[in-house]
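Breakdown of the fold
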Number of protein chains: 2
Amino acid sequence: MKAPIAHAEQLSVAQVAALIDHTLLKPVATPGDIKQLCQEARQHAFATVCVNSSYVPLARQELAGSGVGVCTVVGFPLGVCATHAKVAEATWAVAQGAQEVDMVVHLGLAKAGDWKGVAADIAGVRRSIGKALLKVIIEICYLSDEEKVQACRAAARAEADFVKTSTGFAIAGATVADVALMRQTVGKKLGVKAAGGVSSWQEAIAMIQAGATRLGTSRGVQILAGRPGGAPAQKPGKGSY
Amino acid sequence: MKAPIAHAEQLSVAQVAALIDHTLLKPVATPGDIKQLCQEARQHAFATVCVNSSYVPLARQELAGSGVGVCTVVGFPLGVCATHAKVAEATWAVAQGAQEVDMVVHLGLAKAGDWKGVAADIAGVRRSIGKALLKVIIEICYLSDEEKVQACRAAARAEADFVKTSTGFAIAGATVADVALMRQTVGKKLGVKAAGGVSSWQEAIAMIQAGATRLGTSRGVQILAGRPGGAPAQKPGKGSY
């Protein structure tokens, strides 16, 4: 979903779950941890699991038949590896079953104001992943407002599907104000993913009201459990248990 | 240099400079920042500059004829991208002129005790970079002493040239005790690189006394300037100025 969502305050647990990339990117996460992540994603019918690229084959296997997608990250979390490396990682991950790719922009070129270079880096990945969904992480905490706008425009020019606030590995994550600025910049054509620090139902709804159409968080289960009115965090599993 | 260095306390400024990878890996570093790094490396005759892979072509160009090498990082800083991605990044960087490659181990497999998997990931990169120097970052702050030993052994089995303590992007960097443990584990066959937080002449010498044969730091100029006796930080440039 790319265009903003109206009446976010009325969303059900299941509707919010369907906006969440259930995320585990810590470098010490083991194969066992990834299996548990996938089990939770089946149970709650999250949009995807978001895992480092080495775990794409395992996640695809664990989620077979579940309807939950596999999202991976590319050039993560610094964004300053060579475009060649990003393309190779993205191409491989999609071939292994990833349907969504969250790449980090080249922050050094962004800080130098080289927006053509930033867009070319994104376009390289775009061309390499066919119809897979491409989200571009602009790492807002390092950018001025003007740079945030320019980064979103570069992502749009390079035909990304989403802009995303943060990696979760830098000095700060998503803010409502930045989600609103990113939404204002990309209009209805691109989605906006809020990531990094979203940890309660109230924060999730506030991000959606500001224009987010996807949430990246490791706290999805906790978010759903926090819906006012005591709605159950667990909807009936549609997978193997 | 791989085998330990005797009488570290007697090393000259030039001898310590020749052990330093002059490092700038911050994601917001611009091409201009990399040029300045290279200028400093020429001036002080550091061993290499260590830069993110997108900057390898620029660093090679800036350092032409200087005798200073180009070192890059692979799978950095998390180590949990796919082996395929690490191999592609390393191969490309070496083709572009990097002589040294610092790769991060797969920390998730390490924490799961899958040392065969850890070694296979390293061996994939080893096979792809010919005679380029391979350093394996084990990110000590996440590992138990037993895991540190196992990670060093996996690097040795996979024919790495060096083991390296840290990325500088995790919760802690090199310690003297860990350098000593790594040296004890690899003997004289591999080098040991201390990285992350080394910032004074005294710390540098302590690391070398513990067995380090390379230092990764962004504070090389400051380290040289701190030599007791007030030795000049700048040796005569052998490059273009």
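Before reading further, recall that the structure is shown in the block above.
Worth saying up front: this structure is predicted, and the values here are computed from it rather than measured.

The next point concerns the interface of chain B and chain A. The interface is formed by 29 residues belonging to chain B together with 29 residues belonging to chain A. Joining chain B to chain A, the criterion identifies zero salt bridges. Linking chain B with chain A are eight residue pairs in polar contact (both at pLDDT 80 or more). Of all the elements in the fold, those that place two or more residues in the side of chain B that touches chain A are α4 (83-95) and α5 (107-111) of chain B. If one sorts the elements of the side of chain B that touches chain A by residue count, α4 of chain B sits on top with five residues. Of the residues belonging to the side of chain B that touches chain A, the class tally is 20 nonpolar, seven polar and two charged.

Between F76 of chain A and P77 of chain A the backbone carries a cis peptide bond, its omega angle lying at 0°. Mapped onto the elements, P77 of chain A comes out in the loop between β3 (69-74) and α4 (83-95). Even without a glycine there, the phi angle at E139 of chain B is positive, about 50°. With respect to the helices and strands, E139 of chain B occurs in the loop between β5 (133-137) and α7 (145-157). In this structure E139 of chain B comes out as buried when scored by relative accessible area, which is 2%.

All names here are of chain B. Sheet architecture is closed into a barrel: eight strands sit in the order β1-β2-β3-β4-β5-β6-β7-β8, paired in parallel fashion. Mean inter-strand twist for the sheet, computed between neighbouring axes without regard to direction, equals 25°. Strands in contact with helix α8 (residues 176-186) are β6 (162-164) and β7 (191-195); relative to β7, the strand with the most contacts, it is inclined by about 165°.

What follows concerns the sheet that holds β3 of chain A. All names here are of chain A. The strand order β1-β2-β3-β4-β5-β6-β7-β8 describes a closed barrel built from eight strands, whose pairing is parallel. The sheet shows a mean angle of 25° between the axes of neighbouring strands, direction not considered. The pairing of strand β2 (residues 48-51) with β3 spans four bridges and is parallel. Among the inter-strand pairings, V49 is bridged to a residue of β3, identified as V70.

Parameters at a glance
- Residues numbered from 1 in each chain as written.
- Chains lettered and ligands numbered in written order.
- Predicted model: local features only at pLDDT ≥ 70, side-chain atom pairs only at ≥ 80, totals over all residues.
- Heavy atoms only, no water.
- Contact = heavy atoms within 4.5 Å.
- Salt bridge = Lys/Arg side-chain N within 4 Å of Asp/Glu carboxyl O.
- Polar contact = N/O pair within 3.5 Å; in protein donor to acceptor, adjacent residues only side chain to side chain.
- Helix = DSSP H or I, 4+ residues; strand = E, 2+ residues; numbered from the N terminus.
- Nonpolar A, V, L, I, M, F, W, Y, C, P; charged D, E, K, R; others polar.
- Buried < 20%, exposed > 50% of the residue type's maximum accessible area, 1.4 Å probe, protein only.
- Pairing = 2+ DSSP bridges.
- Axes fitted to C-alpha atoms, helices over the stretch in contact; angles between N-to-C directions.

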